[in-house]
Amino acid sequence: MQQNPMTVITEILPDKLKELEDYLGPIGTDIKNNPVIKFADYQYLHYCTFFVIPGDHPSPGSSPTPALLAFEANIDGTAKQFVNDLIAKNPEFVNKVYGCCAGYPGNDAGQLASFLLTNDHGANAFYVAHPGQTRDTVYRQRDIRQQIETYIDANRDSLATQDPAAIHAAIVQQLGNIPKPENRPFLTLYGDKLFTGLLWTLGLVLVGGFFGFFGPFVEFLVVLALVAAVVYLLALRWHEMRDKQDDTPWVKTKEREAIQRVEDRQLQNHLTSVIEIKPGAFRFYTLKIVLAAINLVAKLVATKGNLSGIVTIHFARWVILPGNAGGRRRLLFMSNYDGSWENYLGEFIDHASLGLTAVWSSTQQAKDRGFPDTQWLAIKGGSRDEQRFKNFARNSQLPELVWYSAYTDLSVKNIENNRHIHEGLFSTADLAAWLKCL
Amino acid sequence: MTTIDKLEDVQGIVFSGYNKYMANCSYYLLQIDDAGKTKPWLKNLVEQNQISHGADKPTDETENRINLALSYSGFEKLQLDKDSLYSFELSFQEGMDSEHRSALLGDRGINDPSAWDWGSGAKRVDLLFILFSKNDAIHNASQKYHEKAFKGAGLSVVQRLDAGEKKQDANGFTLEHFGFADGISDPQVDGFPSTSGAGEIATGEFLLGYPNQYDGKLTKMPQLGAVGEAFGKNGTYLVLRQLKQDVGAFWQFMEEEAARQGITTDYLASKFVGRWKSGAVVEPNQDTDPGKVDNSFNFTKDPHGTGCPLGSHIRRANPRAVGLGATAEEALKVANRHRILRRGRSYGNFLENPVKDDGKERGLLFICLNANIERQFEFVQHTWINSVKFAGLYDEDDPLIGSGVAENRNFTIQDEPLRRRVCGFQQFVTTRGGSYFFLPSLSALGLLGNS
């Protein structure tokens, strides 16, 4: 089953903001045992968050924009299936939350579901560490590993005297009847080859077209594309030279403290970032294209728990927020990751500066408070300026009211390893290497 | 290659722990009661050349060395303005005993700051005064002299920590209390007087105002009013933690567990540490201590940890060239962005019979220097030492110094054909106190004294 992003964004009625926060806050502080909702009951749900995007006051004269409620869910299957399940199991929760939002249709289940689905903005780019792994699969494989480890703990001395094939056979026999793992999705297996093929085709068309191998019309188109690329790059540099990076100092603020208070308390963290897109169509469409490219890479290449060298992200998404109050558009980024914030940002800088600078170099905190100076979209500068980048990221962060993880005890690497262990039960190839997974 | 502008502006402890010439050392943890008196005292220390610096190398004749650092509350009490206070990094502003920092550092349960001997609550520390002396007689006299001076300087002593008995092994390495050679792996820092050639780590990782490991960028420096960043230059952050070592329990456990698993005690203990007692890294298919120490390994010959286990102490403290990147070169680049420079000493006497506890306290006065606490010391502590998911593992923290979370006290020893596992063992190292300090340059200390 495919994993999908659901991002429901609704306007909060101004006089209901506090009521909403008071309702969701206590759920967030006691995510497991709160009396309102038990997220573990939803078998399609991997991670979800609720948070408020504060209303802002753009340029004087224009009316302030209302605060928004964002509901992020990382789910197995379709949003429709999940929403129906959610409303069927806990209508009171859904009604209470969305009763605080503009456009609430009342408590009719069908209308409520369609209200949520209408306001679902999905994602402009979506990354899944392990495509095809449903929550139940993750749970099952965790159990399988646990059973094997317990068996080895109790019998290590006698097992270790045998050869790998005999140990494997003993483990398989011990486990008894275990269902075979599902095949990995087509794109996980062949996506990277498809991607390489696409790049080669594009390269061939460009080079061959330029030298006239495909006739004058294609040659004309290629030259046109090259001219357009040069014009684009010049325009980009023109914009970049006028951008100003954010140079305001680090300050201990209430907002930052609120974010840190819940951070690094357990294995995983959630990062919510809302940032303004630099004004003008040029930056907006640049960003859209970059996000489309990242989405393509995520679908085809980054399908094995590794997003351009970052091995700690379970799910991540970028969403361009609807509306452009006062001419300002905003970019929303949400990520569920392993380890500390410091490590996460460090991994971004160490391994993925190209991709992330390509995205965020089109954004700013506010006028004249832009992303760290960047040259050629992502080639130089940007997030490589470690401290400015971390500061920029911190300043764009929002605290969550509710954050749920279906498996706080599993890292991205654990899930991959568990799957490997499960698969290895049904194979006799390279058993010595398989035993190293245990 | 980087050149340090003025060695005489940098406090001496940056370059050396004075282990060779200074046999004695006391760490005074002080509170400022009357800043009006503290400032002239500080001014005097600087003007009378009492603070040791990088250009005055000790010799056989040298009697004392003094270094001095301040915590955030210390700077507050010296009445720095708000902007200057905000220019320090956030971890320093919050303090080691704050809730967020404690969570990051694993100071939970019996490590919790509320149970510390010093460093939290009413026993927070403003100032760290480090006194080194050549021998006992000089140390006693110097202690008396300075303790008297503290009274006149509006300072009260929260705690005095004395470095303890010293032991060296046949190779000349200092031993820590568990009996392992220590201090083998301090980084060769570019531009330091003791470093020949370019060094492996950029100057700016340990001294502010110089290029760091991010393509030579400058790490943010604290500022002071009109003086600006010149205040922070040639200074660095200093982390001090008092780590109690439970030597008797450690070796008792090793004996029992080794007997249960049918292996030798030293073999098991070395797997925990990742090094044999001599300091030699544990290599695959090795059953006894080779006795010779070669520190040039980078784990590429032991990627699966069948020699030095993936979760062992030294692999966590510095993963070197395996695990943090697709290639050895990339992994090393990442690992080298999180290095620390150790300058501490042991305290207490060595336990005579390692398996029989004598009820006395002993351990490590851990000191490290770094230009960015969050990216260096805290990162190592959180992402490597205490992380149960380090190197793809599941439910274990550092077996030697890991935090007091009972369910994480497990350890996997990779082996062929099948791993060994040790489960549910106790904590051997306990945090008894700690604080973040800033170690200013001599000129910055002068400015503080004159402010």
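Please read all numbers here as calculations on a predicted model, not as lab measurements. (Residues numbered from 1 in each chain as written. Chains lettered and ligands numbered in written order. Predicted model: local features only at pLDDT ≥ 70, side-chain atom pairs only at ≥ 80, totals over all residues. Heavy atoms only, no water.)

A few words on the overall build of chain A. Tallying secondary structure elements over chain A gives 15 helices and 12 strands in all. Its C-alpha atoms give chain A a radius of gyration of 24 Å, within 12% of the compact-globule value 22 Å for 438 residues. If you line up chain A on its principal axes, its C-alpha atoms span 75 × 65 × 45 Å. Relative to its full complement of 438 residues, chain A shows a buried share of 51%. For chain A, contacts bridging at least 24 residues in sequence account for 79% of all contacts bridging at least 6. Roughly 19,600 Å² of accessible area belongs to chain A as shown, and the carbon and sulfur atoms make up 60% of that amount. Between the mean site of the 42 positive side-chain charges and the mean site of the 45 negative ones, chain A shows a separation of 3 Å. (Helix = DSSP H or I, 4+ residues; strand = E, 2+ residues; numbered from the N terminus. Rg over C-alpha atoms; globule rule 2.2 N^0.38 Å. Buried < 20%, exposed > 50% of the residue type's maximum accessible area, 1.4 Å probe, protein only. Contact = heavy atoms within 4.5 Å. Areas by Shrake-Rupley, 256 points an atom, 1.4 Å probe, with all protein chains shown as cover. Lys, Arg positive; Asp, Glu negative; His and termini not counted. Charge placed at Lys NZ, Arg CZ, Asp CG, Glu CD.)

This part takes up the interface of chain B and chain A. Quite often, the size of an interface is put as the accessible area lost when its parts meet. Across the boundary between the two partners, chain B contributes 42 residues, which contact 40 residues of chain A. Carbon and sulfur atoms make up 51% of the area that chain B and chain A hide from each other, which totals about 3,800 Å². The largest contributions to the chain B side of the interface with chain A come from Tyr 394, Leu 418 and Arg 419 of chain B, which together make up 20% of the buried area. Our count for the chain B to chain A interface comes out at 7 salt bridges. The interface formed by chain B and chain A holds 18 residue pairs in polar contact (both at pLDDT 80 or more) in total. Those elements that provide at least two residues to the side of chain B that touches chain A are helix H4 (90–94), helix H5 (99–105), helix H10 (328–335), helix H11 (377–385) and strand S12 (420–422) of chain B. In terms of residue count, the dominant contributor to the side of chain B that touches chain A is H5 of chain B (5 residues). (Buried area = accessible area lost by both parts, 1.4 Å probe. Salt bridge = Lys/Arg side-chain N within 4 Å of Asp/Glu carboxyl O. Polar contact = N/O pair within 3.5 Å; in protein donor to acceptor, adjacent residues only side chain to side chain.)

In this section: the pattern of salt bridges. The final tally for this structure, using the stated rule, is 51 salt bridges over all chains. For the salt bridge of Arg 388 of chain A with Asp 247 of chain A, the shortest nitrogen-to-oxygen distance reads 2.8 Å. Of this pair, Arg 388 of chain A sits in helix H13 (residues 386–395) while Asp 247 of chain A sits in the loop between helix H8 (215–242) and helix H9 (254–261); the two residues are 141 residues apart in sequence, bridging distant segments of the chain. On the accessibility criterion, Arg 388 of chain A (29% relative accessible area) is partly exposed. By relative accessible area, which is 52% here, Asp 247 of chain A ends up exposed. With a shortest N-O distance of 2.7 Å, Glu 378 of chain B and Arg 101 of chain B are connected by a salt bridge. Taken as a pair, Glu 378 of chain B in helix H11 and Arg 101 of chain B in helix H5 lie far apart in primary sequence, 277 residues in all.

This part is about a nonpolar patch on the surface. Residue and element names in this part refer to chain A. Among the surface-exposed residues, Leu 202, Val 205, Leu 206, Val 207, Phe 210, Phe 211, Phe 213, Phe 214, Val 223, Leu 226, Val 227 and Val 231 lie close enough to one another that they form a single nonpolar patch of about 1,100 Å² accessible area. Sorting the residues of the nonpolar patch by element identifies helix H7 (186–210) and H8 as the ones contributing at least two each. In terms of residue count, H7 provides more of the nonpolar patch than any other element does, 5 residues in total. Turning to its location among the elements, Leu 202 is positioned in helix H7. (Patch = residues over 30% accessible without salt bridge, like charges linked within 9 Å, V, L, I, M, F, W, Y side chains within 5 Å.)

Here the domain parsing of chain A yields domain 1 (135–181 + 413–435) and domain 2 (182–306 + 321–397). One C-alpha centre belongs to domain 1 of chain A, the other to domain 2 of chain A, and the line joining them spans 40 Å. (Domains from an automatic or database assignment.)

All names here are of chain A. Within strand S3 (residues 68–76), 9 of the 9 residues are buried, which leaves the element mostly enclosed by the surrounding structure. Pairing analysis gives 9 bridges linking strand S1 (residues 3–11) to S3, with the strands arranged antiparallel. Bridging from a neighbouring strand, Gln 3 pairs with Asp 76 of S3. (Pairing = 2+ DSSP bridges.)

All names here are of chain B. Here chain B is partitioned into domain 1 (7–242 + 435–450) and domain 2 (245–434). Each of domain 1 and domain 2 has a C-alpha centre, and the two are 26 Å apart. With 74 residues of domain 1 at the contact, the number on the domain 2 side is 63 residues. Scanning the region where domain 1 abuts domain 2 turns up 6 salt bridges. Residues Arg 343 and Asp 186 are paired through a salt bridge, measuring 3.7 Å at the closest nitrogen-oxygen approach. Elements represented by at least two residues in the side of domain 1 that touches domain 2 include exactly strand S1 (24–32), H4, H5, strand S4 (155–162), strand S6 (181–182), strand S7 (236–245) and strand S13 (429–439). Looking at the side of domain 1 that touches domain 2 residue by residue, the class counts come to 39 nonpolar, 20 polar and 15 charged. (Nonpolar A, V, L, I, M, F, W, Y, C, P; charged D, E, K, R; others polar.)

A few words on the packing of H7 of chain A against H8 of chain A. All names here are of chain A. At a minimum axis separation of 8 Å, H7 and H8 run at an interaxial angle of 110°. The angle between the axes of H7 and H8 places the two elements in the roughly perpendicular class. Residues Val 205, Leu 206, Gly 209 and Phe 210 of H7 lie in contact with H8, whose contacting residues are Val 218, Glu 219, Val 222, Val 223 and Leu 226. Residues of the contact of H7 with H8, tallied by class, amount to 7 nonpolar, 1 polar and 1 charged. (Axes fitted to C-alpha atoms, helices over the stretch in contact; angles between N-to-C directions. Parallel < 35°, antiparallel > 145°, perpendicular 65-115°, else oblique.)

Using the criterion set out here, one finds 54 aromatic pairs over all chains in the structure. Centre to centre, the rings of Phe 186 of chain A and Tyr 190 of chain A are 5.2 Å apart; their planes meet at 45°, and the pair counts as tilted. Within this pair, Phe 186 of chain A and its partner Tyr 190 of chain A are both found in helix H7, separated by 4 residues, close to a single helical turn. Relative to Tyr 344 of chain A, the ring of Tyr 337 of chain A lies with its centre 3.9 Å away and its plane at 5°, an arrangement referred to as stacked. With respect to burial, Tyr 337 of chain A and Tyr 344 of chain A carry one shared label: buried. An aromatic cluster is built from Phe 178, Phe 180, Phe 250, Trp 251, Phe 253, Phe 272, Phe 411, Phe 425 and Phe 428 of chain B, whose rings are joined through pairwise contacts. If you follow Arg 145 of chain A out to its NZ or CZ, it ends over the ring of Tyr 394 of chain B, 3.3 Å from the centre. (Phe/Tyr/Trp six-rings, centres within 6.5 Å; stacked < 30°, edge-to-face > 60°. Lys NZ or Arg CZ within 6 Å of the ring centre and 35° of its normal.)

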